[in-house]
Amino acid sequence: MTCASLNFRDSLMVRGAYNPKQKLPLVPCSDGVGVVEEVGAGVSRVAVGDRVSPIFAQKWLGGEPTHAKLRSTLGGPLDGTLAERLVLSEEGVVHVPAHLTDEQAATLPCAALTAWSALTGYTPVKAGDVVLVQGTGGVSIFALQLAKLLGCQVIATSSSDEKLERVRALGADHTINYATQREWGKVAKDLTGGVGVDHIVEVGGAGTLAQSLRAIRIGGQISLIGVLAGNQQDLNINPIFMQAVRVQGILVGHRESFEAMNRAIALHRLVPVVDRAYAFGEARAAFEALAKSQLFGKLCIRIGA
Ligand SMILES: NC(=O)c1ccc[n+]([C@@H]2O[C@H](COP(=O)([O-])OP(=O)(O)OC[C@H]3O[C@@H](n4cnc5c(N)ncnc54)[C@H](OP(=O)(O)O)[C@@H]3O)[C@@H](O)[C@H]2O)c1
């Protein structure tokens, strides 16, 4: 392995909050990149010297998720990517785009694929659609970049004006400070001339869903991905059926989708946003920084020289 990257899930995992029944010891992290050092007999998907990333759920190659497929996720329950060497099935890795550095490539397996699955999965966005992304963490920055790549207009929110400037530089068409504009759902809807947003990449969860339901258009999709703003809340769900809104849970994605995303990333030379890369010995500091949620994009941990 040459680099690993961190997700919010890893922070919960190391604190025992993701799965209290997780067997220890555990090597954390699901995301990373490395170079194939050795292959077994009959291996044809990869060769020695290839640069590859492991897939998040080692047995989810395509189709609908199942219990068996989802029991194979790295960084819990299986040992993950914060390791110098991994032994994986050839089926459990994908080649990464050549234009990316190891740090950039290490960010793709969970955060990027989750954003890609939201935008291209159940109800794919189309050019011209308006997509709203919440905050400036790993999933949301990828959602912004991928939505632009797919030809969409993007409304981005953040609690920081400085970060809003940075998302505008990445291509966001409109920005809203959700800390000062508590009714950001209405502001977003107004930005669409009162029609509403086509697709919302919902990382806030129960704490932001009420505003998302204000922002979404009739028949639009809210891709429910995370719970950064909490997973329980009193909520009026009438707008979901009164306005035929699709609230769709998203769970990372499968290998087939990862490979499709990598083709798009390579073609458009999309560059993931790495906030900071830590040395292997600084892993603890990286996890502490992740827990503070003050990042912009992704945090990485370099492995080896
Ligand atoms: N379902 C899945 O398959 C899947 C996959 C990946 C991640 N997730 C989940 O998705 C969520 C995001 O993951 P991540 O790795 O992108 O997290 P992250 O990188 O840690 O995101 C942190 C950022 O989220 C923003 N944020 C925090 N509270 C917010 C709120 N109330 N409203 C809007 N934005 C808020 C902040 O942006 P600003 O500083 O700009 O305000 C913060 O910097 C987590 O809950 C994670 O567990 C789920």
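The notes below deal with the structure included here. Just so you know, these numbers come straight off a predicted model, no measurement behind them.

## Focus: the overall build of the protein
Looking only at helices and strands, the protein features 11 helices and 12 strands. Relative to the globule expectation of 19 Å for 305 residues, the C-alpha radius of gyration of the protein, 19 Å, shows essentially globular dimensions. Dimensions of the protein, computed from the C-alpha atoms along their principal axes, are close to 60 × 40 × 35 Å. Per-residue burial for the protein yields a buried fraction of 50% across its 305 residues. Of the roughly 14200 Å² of accessible surface on the protein, a fraction of 53% belongs to carbon and sulfur atoms. Each charge class in the protein can be summarised by its mean position, and for the 29 positive and 27 negative side chains these summaries are 4 Å apart.

## Description of the pattern of salt bridges
According to the stated counting rule, one finds 11 salt bridges in the structure shown. Note that Glu 259 and Arg 45 form a salt bridge whose closest N and O atoms lie 3.3 Å from each other. Taken as a pair, Glu 259 in helix H10 (residues 255-268) and Arg 45 in the loop between strand S2 (31-35) and strand S3 (51-54) lie far apart in primary sequence, 214 residues in all. Residue class for Glu 259 comes out partly exposed when judged on its relative accessible area of 28%. Here Arg 45 falls in the partly exposed class, since its relative accessible area comes to 25%. For Glu 288, the salt bridge is made with Arg 284, and the minimal N-O distance between the two is 3.3 Å. Note that Glu 288 and Arg 284 are positioned in helix H11 (residues 283-292) at a spacing of 4 residues, about one turn of the helix. Judged by its relative accessible area of 41%, Glu 288 is partly exposed.

## Remarks on the nonpolar core
One finds Leu 108, Val 131, Val 133, Phe 142, Leu 146, Val 167 and Met 261 to be the most contacted residues of the largest nonpolar core, which totals 48 residues. Elements with a contribution of two residues or more to this core: helix H4 (108-120), strand S5 (130-134), helix H5 (138-149), strand S6 (153-158), helix H6 (161-169) and H10. Residue contributions to this core reach at least three from each of two domains, namely domain 1 (3-107 + 272-302) and domain 2 (113-249). Not counting chain neighbours up to four residues away, the residues in contact with Val 167 comprise Thr 136, Ile 141, Leu 144, Ala 156, Ala 172, Thr 175 and Phe 296.

## Notes on the site of the ligand
Of all residues adjacent to the ligand, which total 25 residues, the nearest are Thr 136, Ser 158, Ser 159, Tyr 178 and Ile 250. With respect to the ligand, the side chain of Thr 136 contributes an N or O atom lying 2.6 Å from an oxygen atom. A distance of 2.8 Å separates an oxygen atom of the ligand from a polar atom in the backbone of Val 139. Look at the ligand: alone it shows 940 Å² of surface, and the protein chains cover 89% of it. Elements supplying a minimum of two residues to the shell around the ligand: H4 and H5. The residue makeup of the shell around the ligand, split by class, is 13 nonpolar, 11 polar and 1 charged. Among the domains, domain 1 (3-107 + 272-302) and domain 2 (113-249) are the pair contributing at least three residues each to the shell around the ligand.

## Structural notes on unusual backbone geometry
For the bond from Leu 24 to Pro 25, the omega torsion is 0 degrees, close enough to zero to count as cis. Tracing the backbone through its elements, the reader meets Pro 25 in the loop between helix H1 (8-14) and S2. Here the amide bond leading from Gly 76 into Pro 77 is cis, since omega sits at 0 degrees, within 30 degrees of zero. One can find Pro 77 in the loop between helix H2 (67-70) and strand S4 (93-95). Even without a glycine there, the phi angle at Val 252 is positive, about 40 degrees. Relative to the assigned elements, Val 252 resides in the loop between strand S10 (246-249) and H10. For Val 252, a relative accessible area of 8% gives the class buried. Although it is not a glycine, Arg 269 sits at a positive phi angle of roughly 50 degrees.

Quick notes on the rules
Residues numbered from 1 in each chain as written. Predicted model: local features only at pLDDT ≥ 70, side-chain atom pairs only at ≥ 80, totals over all residues. Heavy atoms only, no water. Helix = DSSP H or I, 4+ residues; strand = E, 2+ residues; numbered from the N terminus. Rg over C-alpha atoms; globule rule 2.2 N^0.38 Å. Buried < 20%, exposed > 50% of the residue type's maximum accessible area, 1.4 Å probe, protein only. Areas by Shrake-Rupley, 256 points an atom, 1.4 Å probe, with all protein chains shown as cover. Lys, Arg positive; Asp, Glu negative; His and termini not counted. Charge placed at Lys NZ, Arg CZ, Asp CG, Glu CD. Salt bridge = Lys/Arg side-chain N within 4 Å of Asp/Glu carboxyl O. Core = buried A, V, L, I, M, F, W, Y, C linked by side-chain atoms within 4.5 Å. Domains from an automatic or database assignment. Contact = heavy atoms within 4.5 Å. Near = heavy atom within 4 Å. Polar contact = N/O pair within 3.5 Å; in protein donor to acceptor, adjacent residues only side chain to side chain. Nonpolar A, V, L, I, M, F, W, Y, C, P; charged D, E, K, R; others polar.

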